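Chains, contacts and geometry: an overview
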Amino acid sequence: MTSDKYDVMVNSKIKPLILKLSIPTIISMLITAIYNFADTFFVSGVEHSKEAISAVGVVFSFMAIIQAIGYFFGHGTGHYIARLIGERNYDKAKTIVTDGVVLSFAFGVILMILGLIFITPLTKFLTANKNEYVFLYSKDYLFWILLGAPFMCTSNTLNNQMRYQGNAFFAMIGISVGAVLNIFLDPLFIKQFGVYGAGLSTFISQVISFALLVGGTMTKYNISIDFKSFKIDKKIIGIIFNGGVPSLARQGLNAVSITILNLVSIHYSIDALSAMTVVNRIMSFAISVTLGIGQGFQPVCGVNYGAKRYDRVKEGYYFTIFLCVITLIVFALISIFAGEQLIKLFANGNENLENYDDFIAIGKELLLFQSIAIPLFGFNTATNMLLQTTGKSFRATILAIGRQALFFIPVLLLFDKLWGFKGVELSQMVADIICFIVAIPLAISFFKEIYKETTKNSVATN
């Protein structure tokens with residue numbers, strides 16, 4: 001099976017191959033976006049709606065930390081698994097798969113225990129203790145998120161390992177079934193238990209996804225988990241860090257930036273915080289499709305880089321940029337011309353959301369500013385995937401943390417001081433532009449390196 005997978009990755013036409021691998025990952029990412037969207041949408045029907053929406057947004061910053069651990073082990077092992085398949089070293093690949101799963105679950109358990117012990121001070125920190133209802137709703141929701149941390153961490157690890165093997169279909173099934181289940185359970189549980197029910201629904205869905213993904217590893221199409229092959233040494237730890245740090249930095253600092261953004265927004269009003277939460281959910285659809293395309297490119301990039309087929313790496317990279325940018329331009333146009341209607345989805349027909357004119361006005365303006373620069377995210381994503389998959393850890397990390405931390409946080413704090421909430425609204429757009437400017441020389445330096453490598457190999461062969 002794995003030998004056939006190698007042949008497909010190295011010999012198939014690049015464009016159809018990336019499209020084939022991207023479709024399941026796009027579906028997985030979109031359903032995950034809907035997953036988060038559903039919680040925000042359905043809690044808008046409870047009493048004190050704006051506070052409930054804000055609570056989901058506040059806890060999402062902590063969920064990003066849980067996801068960061070899963071992505072760290074998933075990408076940290078996944079990129080190496082893809083290269084091992086390119087080298088046809090399948091026994092070593094099985095060891096790396098098992099190591100990633102075991103370590104991810106263990107770290108999830110540690111996070112769960114510490115989080116539950118300190119849940120009250122943690123909630124106070126996340127909400128800045130500014131609003132009683134935001135605090136209570138956040139604590140209810142956070143309890144179930146913490147309980148599901150081991151399953152969420154490991155699901156993200158398994159999802160990424162399967163993608164790097166070129167088996168995105170199995171990853172899609174595992175993630176999608178849990179997400180669809182959450183969408184159905186949300187209205188039932190929220191009606192009975194409020195925001196607490198939203199957390200319970202998410203917990204059940206995460207456990208189901210975890211079980212399906214573990215089952216997927218037992219099929220003949222995936223490299224299976226084998227606890228007998230579990231082995232940790234300095235070399236393996238180094239490999240995981242090299243491939244996983246960019247994702248850990250991106251996801252972890254994303255959590256930090258969301259937390260800071262929430263704390264800045266709640267300083268202005270509940271309308272500002274709830275509108276920011278809604279806009280982030282809407283933008284997550286565009287980001288999900290873009291990341292899905294980039295993740296479809298990653299196994300192709302990893303295997304061909306391991307096989308020294310640099311011409312195919314380059315062709316795949318250019319095609320990925322094209323797909324990402326076109327997709328984001330379409331999304332930007334929809335958001336610019338239908339922004340108000342999108343924001344109203346969380347307000348219209350809801351008798352509990354009184355005086356939501358400010359909420360809609362803020363959300364519409366936020367969506368406009370972010371849409372202007374979002375097409376640049378396509379180039380940034382493709383470049384980051386390229387650098388991370390080929391083991392260029394430092395450069396990939398710089399780019400990974402750029403959009404949501406390295407550039408965004410300083411711009412956010414500076415603009416907030418200079419222009420108030422208008423500056424807060426502009427900060428993400430400016431961060432995307434800066435990130436694009438930085439990505440260009442990073443991409444050029446990579447292709448200069450593989451050009452030198454190709455020339456060197458050609459001389460040696462002659």
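Our subject is the structure that appears above.
Residues numbered from 1 in each chain as written. Predicted model: local features only at pLDDT ≥ 70, side-chain atom pairs only at ≥ 80, totals over all residues. Heavy atoms only, no water.

Topic: the overall build of the protein
- When helices and strands are tallied, the protein shows 17 helices and zero strands.
- Whereas a compact globule of 462 residues would reach a radius of gyration of roughly 23 Å, the protein reaches 22 Å, a difference of no more than 12%.
- Projected onto the principal axes, the alpha-carbon positions of the protein cover approximately 75 × 45 × 35 Å.
- Within the protein, the fraction of its 462 residues that count as buried is 61%.
- At a minimum sequence separation of 6, the contacts of the protein that also span at least 24 residues come to 84%.
- Total accessible area on the protein is roughly 18,200 Å²; 68% of this is exposed by carbon and sulfur atoms.
- When the 35 positive and 27 negative side-chain charges of the protein are each reduced to one mean point, those points stand 13 Å apart. (Helix = DSSP H or I, 4+ residues; strand = E, 2+ residues; numbered from the N terminus. Rg over C-alpha atoms; globule rule 2.2 N^0.38 Å. Buried < 20%, exposed > 50% of the residue type's maximum accessible area, 1.4 Å probe, protein only. Contact = heavy atoms within 4.5 Å. Areas by Shrake-Rupley, 256 points an atom, 1.4 Å probe, with all protein chains shown as cover. Lys, Arg positive; Asp, Glu negative; His and termini not counted. Charge placed at Lys NZ, Arg CZ, Asp CG, Glu CD.)

Focus: unusual backbone geometry
- The phi dihedral of lysine 308 is positive, around 60°, even though this residue is not glycine.
- Inspection of the secondary structure assignment puts lysine 308 in the loop between helix 11 (270-306) and helix 12 (310-344).

Re helix 12
- Along its 35 residues, helix 12 runs 48 Å from first to last C-alpha, staying within 8% of the 51 Å computed at 1.5 Å per residue.
- Of all bends in helix 12, the biggest is about 80°, found at alanine 338. (Expected span 1.5 Å × (residues − 1). Bend = angle between axes of the 7 residues up to and from the residue.)

Overview of the pattern of salt bridges
- Inspection of the entire model under this criterion finds nine salt bridges.
- A salt bridge links aspartate 271 to lysine 50; the shortest N-O distance between them is 2.8 Å. Here lysine 50 lies in helix 3 (residues 49-87) and aspartate 271 lies in helix 11, a separation of 221 residues in the sequence.
- One salt bridge in this structure joins aspartate 432 and arginine 403, with 2.5 Å as the shortest N-O distance. (Salt bridge = Lys/Arg side-chain N within 4 Å of Asp/Glu carboxyl O.)

What to know about the side chain of glutamine 67
- Along the chain, glutamine 67 falls in helix 3.
- We classify glutamine 67 as buried; its relative accessible area is 14%.
- With sequence-adjacent residues up to four places away left out, glutamine 67 is seen in contact with Met152, Asn156 and Gln251.

Observations regarding the packing of aromatic side chains
- Here the structure, examined in full by the defined rule, presents 22 aromatic pairs.
- For the ring pair tyrosine 133 and tyrosine 137, a centre distance of 6.4 Å and an interplane angle of 35° mean the geometry is tilted. Remark: tyrosine 137 and tyrosine 133 occur in helix 6 (residues 132-147); sequence separation between them is four residues, near one turn of the helix.
- Each residue in the set Phe105, Phe143, Trp144, Phe151, Tyr196, Phe203 and Phe210 is aromatic and connected to the rest through ring pairs, giving one cluster.
- In this arrangement the basic side chain of arginine 281 is found over the ring face of phenylalanine 60, its NZ or CZ atom lying 4.4 Å from the centre.
- Positioned over the ring face of phenylalanine 377 is arginine 403, at 4.9 Å from the centre of the ring. (Phe/Tyr/Trp six-rings, centres within 6.5 Å; stacked < 30°, edge-to-face > 60°. Lys NZ or Arg CZ within 6 Å of the ring centre and 35° of its normal.)

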